[in-house]
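Structural overview for review
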Amino acid sequence: MNNNVDKQRRHILKSAALVSAATVLPFSSFAIGKSRPQLRILGTHVTLQEELRQKAMADLGIELIFEPKGSAAVLQKASMSPDSFDLYEQWSNSINVLWRSGSIKPIDKRRISHWDEINSLTKTGRVTPQANIGAGDAPYKLLHIQKNGTLSSNDTNSISYLPYVHNVDSFGYNTSVIDKGIPYETESWGWLLNEENRGKVGIVNEPTIGLFDLALAAQAKGLIKFKDIGSMTTLELDKLFEILINYKQRGHFSGFWTSVPESVRFMKSNRVVIESMFSPAVSSLNGQNVP
């Protein structure tokens, strides 16, 4: 009989300990002398900025480890070493590679309490229902995970990524060398191929961005006209590369950058006067008094 009592007592104490542990577990990592939870975030310099890391750590009470790299390097590491990160950040065209390689997991949309606050551009491809769909690929086409494991725009409760940042792929130029233009009026992608900028042009070393920068430039110069720039034909690609190879052989391009810091160095050192550029690079250069 005593054995039965002891067994019941041990069972009750064990159950109480489990309940107690489950109750305090979310807070135990914040106890004095305990290390804070860590999240390893792999991504690009565009978004993984130190000011954001410090602010997020202060708000969340956890340790964030940022590992920013150039677009090609970050995609290669994520697809080949998925155990090297907890969260991944990059543009949406990396999703196909990461999903097919098994490097990322589905996200249950129902657990995102502020899902409705994410604007419709990433969800539907339109800012408003009346807006036109842009040329080429788009994030919304890769957002939802289907029952057969493919990615599609068809709405489901499982998503392949969480939309959170919009960026603009554009070009920047040194206004002490190139006269300042009027946005959307006199400024032109064609400036990337202007003869007076020969030897002083930089392009982002990212095929899904840099190639289209140059395609827009060639079209703006009247060197080629695409039927659908978002879905170029083989003949159009052959013609585009014929044009670009000719420019390259004449020394038109100074270099091809792989990260935001490198693009900043290109411009600050006067290696280039015009180049593909992302907004963080513009802010960095303006902060260093580079016009």
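Residues numbered from 1 in each chain as written. Predicted model: local features only at pLDDT ≥ 70, side-chain atom pairs only at ≥ 80, totals over all residues. Heavy atoms only, no water.

A word on the pairing of strand β1 (residues 38-44)
Where β1 meets strand β2 (residues 63-69), seven bridges bridge the pair, whose relative direction is parallel. Looking at the pairing, Ile 41 lines up with Phe 66 of β2. This β-α-β element, β1 to helix α2 (residues 50-60) to β2, shows right-handed connectivity. With two bridges connecting them, β1 and strand β3 (residues 87-88) associate as parallel partners. Of the residues in β3, the one forming a bridge with Leu 42 is Tyr 88. (Pairing = 2+ DSSP bridges. Helix = DSSP H or I, 4+ residues; strand = E, 2+ residues; numbered from the N terminus. Right-handed = clockwise from strand over helix to strand, strands pointing away.)

Some words on the confidence of the model for the protein chain
Per-residue confidence for the protein chain gives a mean pLDDT of 87; residues scoring 70 or more make up 88%. Mean pLDDT across the elements of the protein chain bottoms out in helix α1 (residues 2-28) (36) and peaks in helix α7 (residues 234-249) (98). Low pLDDT (under 50) marks residues 1-30, which in the prediction has nine contacts with non-local residues, meaning those over four places away or in another chain. (pLDDT = per-residue confidence, 0-100. Contact = heavy atoms within 4.5 Å.)

With respect to the packing of aromatic side chains
Under the criterion given, the structure shown has eight aromatic pairs. With a centroid separation of 5.8 Å and 70 degrees between ring planes, the pair formed by Trp 91 and Phe 278 is classed as edge-to-face. Taken as a pair, Trp 91 in the loop between β3 and α4 (95-101) and Phe 278 in the loop between β11 (274-277) and α9 (279-287) lie far apart in primary sequence, 187 residues in all. Using a relative accessible area of 5% as the deciding quantity, one classes Phe 278 as buried. A connected cluster of aromatic rings, assembled from ring pairs, spans Phe 171, Tyr 173, Trp 189 and Trp 191. Note that Arg 250 overlies the ring of Tyr 247, its terminal NZ or CZ placed 4.7 Å from the centroid. We note Arg 271 situated over the ring of Phe 266; from NZ or CZ to the ring centre the distance is 4.2 Å. (Phe/Tyr/Trp six-rings, centres within 6.5 Å; stacked < 30°, edge-to-face > 60°. Buried < 20%, exposed > 50% of the residue type's maximum accessible area, 1.4 Å probe, protein only. Lys NZ or Arg CZ within 6 Å of the ring centre and 35° of its normal.)

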